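# Structural characterization, general
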Amino acid sequence: MSKSLPYSMKDVHYDNAKFRQRSFVKVIAQSFVTSNLKRKCISCSTGKFLMLLMIFGLALLLMTHTSSHHSFSDGLAKGTNVSEEITMGGSSRFGRFWRKPPRLPPRLSPDEKGTNNKPSNESLRLNADPIWIERQQKVKESFLHAWSGYKKYAMGYDELMPLSQQGVDGLGGLGATIVDALDTAMIMGANEVVFEAGSWIETHLSDKISKNGQVNLFETTIRVLGGLLSAYHLSGGGQHNNSMYKGPKPIVYLETARKLADRLLVAFTSSPTPIPFSDVVLHGPSAHRAPDGLSSTSEVSTLQLEFNYLSTVSGDPKYSVEAMKVLAHMKNLPKVEGLVPIYISPDSGEFSGENIRLGSRGDSYYEYLIKVWLQQGSSQDSDFTYLHDMYEEALKGVRRLLVQKSIPNGLVFVGELPYGPKGVFRPKMDHLVCFLPGTLALGATKGITKEKAMKDDLLKFEDLENLKLAEDLAKTCFEMYSVTSTGLAPEIAYFHTKEYYEGGLDGGNKGSKFVDDIIIKHADRHNLLRPETVESLFVLYRVTEDPKYREWGWQIFEAFEKFTKVESGGYSSLDDVTLLPSRRRDKMETFFLGETLKYLYLLFGDTSVIPLDKFVFNTEAHPLPIKGT
């Protein structure tokens, strides 16, 4: 407590004491003892008589009050209508006399109030638990350990190979881990990492953009462009204030992002349709189709958040115009109850094949429909309401065509239609599909808590349906972890249904209730440190405030620590999550720092940090502000 404050803890204790309940007997007794009535009245016989009369009346009132109190308690215990009890008590002769005033909340000292915007008591309860403060710190320590390995052995490369202690360029050689990790370091307050990453970006990245070769449009946009734009905003860009971080000024991030985006735009402008080519040669610049001539549906429809925000902060609409052409074009393409195939041709502008899934090549199409709509302010009168309509139609298709339950224990999962709606249903669910619970929850409440949304009558029946599906799917995603020997999920799981079962392919944890529900094939048993499940746990915790999502996240984090941590620095992927010990893969994906650890840190932290009604996270977990907030 600051000694300079005139308002001390003694004052706080005094104020709080004023609001404590005191019995009626104590009030009367104290008043009698401290008044002149004692001295003046007890000296005469009349006074003695009046005193005895008062004591007798007080005892009678006390018995009446006690009886009424017991009947009220008994009514609660027996299920009696409580409103009737209150009405009956209020109609008695002494009911108003005994009615207690509402208890006021305790006052806080100025130091205890802090500088935040008056958080609610519930918010304080959620955020002040020491165990979660400690666990959040553990996540930060893991981030610093991951960064230390990258910095020591791979600085400037895209990724760290933690076992062989060297770097590798697999994403175009733009230092992807550095840019991916930067806003995580900002959110965690890891200022030394912010300085190191920011200094490298200022010194090297612009030159690499000018001289490097081929990159994937999608991966470069979500990781590098998204990371630069998020760093620009979080470091104070566009707000006319000084950055709280050492390193480059925010404008450096914006100028670098714009230089990169100018080269990426060629993927759009070179295509004969609004569907961009998949690859860009940066030093050209020039763009090319994928080897098979097709683009992934998810990749071409997961560029809009980043290009929209760049147009907003740069004042140049060309980025947003090109990116939004893709979704506007897709709006008019034929769909299967809102669901779309996973390939699309940039030459014809049409979907290719019939394969429908929410895993790889399909996932973030559905994610960005709702997020781009939210980013634009989610106004019912905006030009982007078609995105919300497409999203709602797609969810109806998901529930009708893709959602089933496993046997024997009824886990809800999302399967696939590899040959379209008339073909066989495949009970296969990629770990990537575990983005969906978070997206469903976000779309239902628009980022505010379920409690507030219900109080303000903002939830439709479909929203409640989607929230229920989100919670059911989150449970399944968590059980994909707990069913294995390592406590880490496989890349792909299959589910036991009436039509499909393969024995001898369980996760290895015989103690799991769902060991017979989840089937893990040998080729699918690897773990890449993916973020999708913890992402959904983070969103669901923010929306529902249910602490089980934190507990599940902690269990997953402990498994990462136990089985993937490399002592010399960094974390590794695993070859087989069903075996102990599990052989390690020599790779630390950039998204482990950019997404997985960021979402765990936010899951365990203060719910006011990066609020979901003011930010949208791109598909690589880079937060971008919602327009108008």
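Residues numbered from 1 in each chain as written. Predicted model: local features only at pLDDT ≥ 70, side-chain atom pairs only at ≥ 80, totals over all residues. Heavy atoms only, no water.

Let us now look at the overall build of the chain. Looking only at helices and strands, the chain features 25 helices and 17 strands. Residues classed as buried in the chain amount to 52% of the 629 residues present. Looking at the chain alone, contacts between residues at least 24 apart form 69% of all its contacts between residues at least 6 apart. Here the chain has roughly 29000 Å² of accessible surface; of this, 54% comes from carbon and sulfur atoms. (Helix = DSSP H or I, 4+ residues; strand = E, 2+ residues; numbered from the N terminus. Buried < 20%, exposed > 50% of the residue type's maximum accessible area, 1.4 Å probe, protein only. Contact = heavy atoms within 4.5 Å. Areas by Shrake-Rupley, 256 points an atom, 1.4 Å probe, with all protein chains shown as cover.)

What follows covers the sheet that holds strand E6 (residues 295-296). Strand order in the open sheet formed by three strands is E6-E7-E8, and the pairing between neighbours is antiparallel. Strand pairing shows two members of the sheet lacking a second neighbour, E6 and strand E8 (351-352), which therefore form its edges. Bridge count for strand E7 (residues 343-344) against E8 is two bridges, and the pairing is antiparallel. Directly across from Tyr 343, in E8, lies its bridge partner Ser 352. (Pairing = 2+ DSSP bridges.)

It is worth spelling out the UniProt feature "binding site: Ca(2+)" (unreviewed entry) in the chain at this point. According to UniProt, the "binding site: Ca(2+)" (unreviewed entry) feature falls on Thr 619. As for its position among the elements, Thr 619 is in the loop between strand E16 (615-617) and strand E17 (623-625). A relative accessible area of 16% means that Thr 619 is categorised as buried. The residues touching Thr 619, leaving out its near neighbours within four places in the chain, are Phe 218, Ile 222, Thr 302, Ser 364, Glu 367, Tyr 368 and Glu 595. (UniProt positions renumbered as here; feature names shortened; annotations may be inferred.)

Let's shift gears to the packing of aromatic side chains. With the rule as written, the count across this model stands at 16 aromatic pairs. Seen in terms of ring centroids, Tyr 365 and Tyr 366 are 4.8 Å apart; in terms of plane orientation they differ by 85 degrees. Their pairing is edge-to-face. Here Tyr 365 falls in the buried class, since its relative accessible area comes to 1%. Using a relative accessible area of 4% as the deciding quantity, one classes Tyr 366 as buried. Taking the centre distance of 5.8 Å and the plane angle of 80 degrees together, the rings of Phe 538 and Phe 617 count as edge-to-face. Residue Phe 538 is located in helix H23 (residues 532-544), and its partner Phe 617 is located in strand E16; the two are separated by 79 residues in the primary sequence. Note on accessibility: Phe 538 and Phe 617 belong to one class, buried. Aromatic ring contacts, followed pair by pair, group Trp 132, Trp 554, Phe 557 and Phe 604 into a single cluster. One Lys or Arg, Arg 135, reaches over the ring of Trp 132 and ends 4.7 Å from the middle of that ring. Cation over ring: Lys 331 sits above Tyr 386, and NZ or CZ is 4.7 Å from the ring centre. (Phe/Tyr/Trp six-rings, centres within 6.5 Å; stacked < 30°, edge-to-face > 60°. Lys NZ or Arg CZ within 6 Å of the ring centre and 35° of its normal.)

Attention now moves to the environment of Asp 180. By secondary structure assignment, the location of Asp 180 is in helix H10 (residues 176-188). The spatial distance from the C-alpha of Asp 180 to the C-alpha of Leu 593 is 7.0 Å, given a sequence separation of 413 residues. Setting aside residues no more than four positions away along its own chain, Asp 180 makes contact with Arg 223, Thr 590, Phe 591, Gly 594, Glu 620 and His 622. A distance of 2.7 Å separates polar atoms of two side chains, one belonging to Asp 180 and the other to His 622. (Polar contact = N/O pair within 3.5 Å; in protein donor to acceptor, adjacent residues only side chain to side chain.)

Looking at the element boundaries, Val 483 is found in the loop between helix H22 (461-482) and strand E12 (492-495). Setting aside anything within four residues of it in sequence, one finds Val 483 in contact with Gly 507, Gly 508, Asn 509, Ser 512, Phe 514, Val 515, Ile 518 and Ile 520.

Here we come to the sheet that holds strand E13 (residues 518-519). The three strands lie next to each other as E11-E12-E13, forming an open sheet whose pairing is antiparallel. Both edges of this open sheet fall to strand E11 (428-430) and E13, since each of them pairs with a single strand only. Here three bridges tie E11 to E12, and the two strands are oriented antiparallel to one another. Each residue of the ladder has a partner; that of Lys 428, found in E12, is Tyr 494.

We now examine the pairing of E12. Because side chains alternate across E12, one face comprises the buried residues Ile 492 and Tyr 494, and the other comprises Ala 493 and Phe 495, equally buried. Judged from the two bridges that link them, E12 and E13 form a sheet pairing that is antiparallel. Bridged to Tyr 494 within E13 is Ile 519.

Our focus in this paragraph is the nonpolar core. Ranked by size, the top nonpolar core spans 160 residues in total, and within it Phe 143, Ile 201, Leu 205, Phe 307, Met 330, Met 429 and Met 588 carry the most contacts. Not counting chain neighbours up to four residues away, the residues in contact with Met 588 comprise Ala 146, Tyr 150, Glu 159, Leu 160, Pro 162, Leu 529, Gly 570, Tyr 571 and Leu 593. In this structure, Tyr 494, Tyr 500, Leu 505 and Ile 519 belong to the second largest nonpolar core, which totals five residues. (Core = buried A, V, L, I, M, F, W, Y, C linked by side-chain atoms within 4.5 Å.)

This paragraph deals with the pattern of salt bridges. Opposite charge on two side chains allows them to pair when their charged atoms are near. Per the counting criterion, the structure on display carries 30 salt bridges. One salt bridge connects Glu 322 with Lys 325, and the closest N-O pair in it is separated by 3.6 Å. Of this pair, Glu 322 and Lys 325 both sit in helix H17 (residues 318-331), three residues apart, which is roughly one turn of the helix. Exposure remark for Lys 325: the relative accessible area of 38% places this residue in the partly exposed category. Among the salt bridges present, the one from Arg 426 reaches Glu 416, with a minimum N-O distance of 3.9 Å. (Salt bridge = Lys/Arg side-chain N within 4 Å of Asp/Glu carboxyl O.)

Interaxial distance between helix H18 (residues 363-375) and helix H19 (residues 385-402) falls to 8 Å at its minimum, and their mutual angle equals 140 degrees. Classified by the angle between their axes, H18 and H19 sit oblique to one another. Crossing of H18 against H19: the hand is left-handed. Residues Tyr 365, Tyr 366, Leu 369, Ile 370, Val 372 and Trp 373 of H18 form the contact with H19, whose participating residues are Thr 385, Leu 387, His 388, Met 390, Tyr 391 and Ala 394. A breakdown of the residues in the contact of H18 with H19 according to their chemical character gives 10 nonpolar, two polar and no charged. (Axes fitted to C-alpha atoms, helices over the stretch in contact; angles between N-to-C directions. Parallel < 35°, antiparallel > 145°, perpendicular 65-115°, else oblique. Left-handed = near helix turned anticlockwise from the far one by under 90°. Nonpolar A, V, L, I, M, F, W, Y, C, P; charged D, E, K, R; others polar.)

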